[in-house]
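Observations on the three-dimensional arrangement
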Amino acid sequence: MNSRWKQRPPHSTWGDFGPDDQLGRLNLLTPQKVREGVAEVQTGETFCLSLPLDLPGGTAMNPRRPPPQLNATRRGEHANMTYPLSRDNPQLSDVICDDTVTLALQYSTQWDSLAHMGQWFDVNANGEPEMVFYNGYKANVDIVGETDYRAGCGCHHGSHLGAKALGIENMAQHGIQGRAVMIDIKRHFGTERFAFGYTHLQQILQADGIEVRPGDLVCFRTGMDEAILSMQGEPDMTFLNSHFAGLDGSDAQLRQWIVESGVVALIADNPAVEMLPARPLNDDFYPSHPLHDLCLFRLGVYLGELWLLSPLANWLAHHQRHAFLLTAPPLRLPGAVGSPATPVATV
């Protein structure tokens, strides 16, 4: 019996990789899968899959995530930027630049850790749902903020401690490198806004001859990345919100495919991977982000958002390929629930 839960959610991998597992499906990204990724390299060309980290720009896309702010470190009362050491010693020739950044970790190209989104769930089978995360790790026990919301009071109880379990550092320490495949939604369906479901997925897989294997990292190109780049830091949310596909997290067949496929991560060039607002899964008590619920909370599947996929997708289509080696470590920042990434695709 697991010490944190007596029952696990349907379609979950809780306990499958051990009672205290914090990696989820990342356990399937094995040395063999790394070799499979390396075997896809033919030309050695590389693609940077990160947007500039100051995009999309402003706070229109998410008012809770401000753009990064760069500043100089301080040398006493002076800014330590283009600082000539000759000020301190006339015999020294060096000019120093040193900076700091205030960064919302999920502002731009990013990974979601398994601590990013939990759910109310009756882990003890006693009719009393609790706020829990993947594998039963608990809010305010294992993932701790400055406020305890469990009793409904929103009581302040100290400083922000972050994810003492399931933090992004687990993902970083394991390493994110393996075989990835590109699902090119834009090339097949254009840039209209629609909920991309299992039927659409099968159409692309068959048309492009794509084989998705257990342990793969799956990328979905919608074309939103190109639009964000073209807006140069001033995102037109009316346009972005009325164009581009998102995965239909409420599609039962698509959900079942994610369960059965053994994929490690779902990655997209849009801000959530899934279409939001989503269709409710039921009429009672349901997740606002059904794909996040399935992936982060139940399966331990990681989500990559706002990636720059279009240049790579165009290259792959031109060369009639779909698979590549993906190397995409997050920051090894203990306690963080998300991280910027600068992924590299090698073809």
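Predicted, not measured: the structure shown is a model, and the values here were computed from it.

Further remarks concern helix α8 (residues 290-299). Most of α8 is tucked away, with 10 of its 10 residues classed as buried. Of all the positions in α8, only P290, L291, H292, D293, L294, C295, L296, F297, R298 and L299 are classed as buried. Backbone geometry just after α8 places G300 at a positive phi near 75 degrees.

A few words now on the packing of helix α7 (residues 252-261) against α8. It is at 11 Å that the axes of α7 and α8 come closest, and there the two elements cross at 25 degrees. The angle between the axes of α7 and α8 places the two elements in the roughly parallel class. In the crossing of α7 with α8, the sense of the turn from one axis to the other is right-handed. On α8, the residues that touch R255, I258 and V259 of α7 are P290, L291, D293, L294, C295, R298 and L299. Of the residues that constitute the contact of α7 with α8, the class distribution is seven nonpolar, no polar and three charged.

Using the criterion set out here, one finds 11 aromatic pairs in the structure. Geometrically, the ring pair formed by W111 and W307 is edge-to-face, given 5.1 Å between the ring centres and 80 degrees between the ring planes. In this pair, W111 is assigned in strand β8 (residues 110-112) and W307 in the loop between β20 (302-305) and α9 (310-318), connecting sequence segments 196 residues apart. The exposure class of W111 is buried, given its relative accessible area of 0%. Judged by centre distance (6.4 Å) and plane angle (80 degrees), the rings of F189 and F196 are edge-to-face. As far as the burial class goes, F189 and F196 line up, both buried. Pairwise contacts between aromatic rings join W5, W14, F121 and F297 into one cluster. Lying over the aromatic face of Y137, R4 brings its terminal NZ or CZ to 3.9 Å of the ring centre.

Now for the sheet that holds strand β21 (residues 323-327). Paired through their backbone hydrogen bonds, the strands of a sheet run either parallel or antiparallel. In spatial order, the strands read β1-β23-β21-β15-β17-β19-β20-β8-β22; together these nine strands make up an open sheet with mixed pairing. Edge strands, defined here as strands with exactly one partner in the open sheet, are β1 (46-48) and β22 (338-340). Between one strand axis and the next, the sheet turns through 25 degrees on average, direction left out of account. Looking at chain direction, strand β15 (residues 177-184) and β21 are connected through five bridges and run antiparallel.

Residues W111, I183, F196, F220, I258, L266 and F324 are the most contacted members of the largest nonpolar core, which totals 76 residues. For this core, the element with the most residues is α8, which contributes six residues. Within the second largest apolar cluster, 11 residues are counted, among which are A227, L240, L306 and L308.

Attention now goes to the environment of R74. Counting through the fold element by element, R74 comes out in strand β3 (residues 74-75). Relative accessible area serves as the criterion here: at 55%, R74 is assigned to the exposed category. Distance in space between the C-alpha atoms of R74 and V337 is 29 Å, their sequence separation being 263 residues. There is a polar contact of 3.1 Å between the side chain of R74 and the backbone oxygen of E77.

Rules and cut-offs
- Residues numbered from 1 in each chain as written.
- Predicted model: local features only at pLDDT ≥ 70, side-chain atom pairs only at ≥ 80, totals over all residues.
- Heavy atoms only, no water.
- Buried < 20%, exposed > 50% of the residue type's maximum accessible area, 1.4 Å probe, protein only.
- Helix = DSSP H or I, 4+ residues; strand = E, 2+ residues; numbered from the N terminus.
- Axes fitted to C-alpha atoms, helices over the stretch in contact; angles between N-to-C directions.
- Parallel < 35°, antiparallel > 145°, perpendicular 65-115°, else oblique.
- Left-handed = near helix turned anticlockwise from the far one by under 90°.
- Contact = heavy atoms within 4.5 Å.
- Nonpolar A, V, L, I, M, F, W, Y, C, P; charged D, E, K, R; others polar.
- Phe/Tyr/Trp six-rings, centres within 6.5 Å; stacked < 30°, edge-to-face > 60°.
- Lys NZ or Arg CZ within 6 Å of the ring centre and 35° of its normal.
- Pairing = 2+ DSSP bridges.
- Core = buried A, V, L, I, M, F, W, Y, C linked by side-chain atoms within 4.5 Å.
- Polar contact = N/O pair within 3.5 Å; in protein donor to acceptor, adjacent residues only side chain to side chain.

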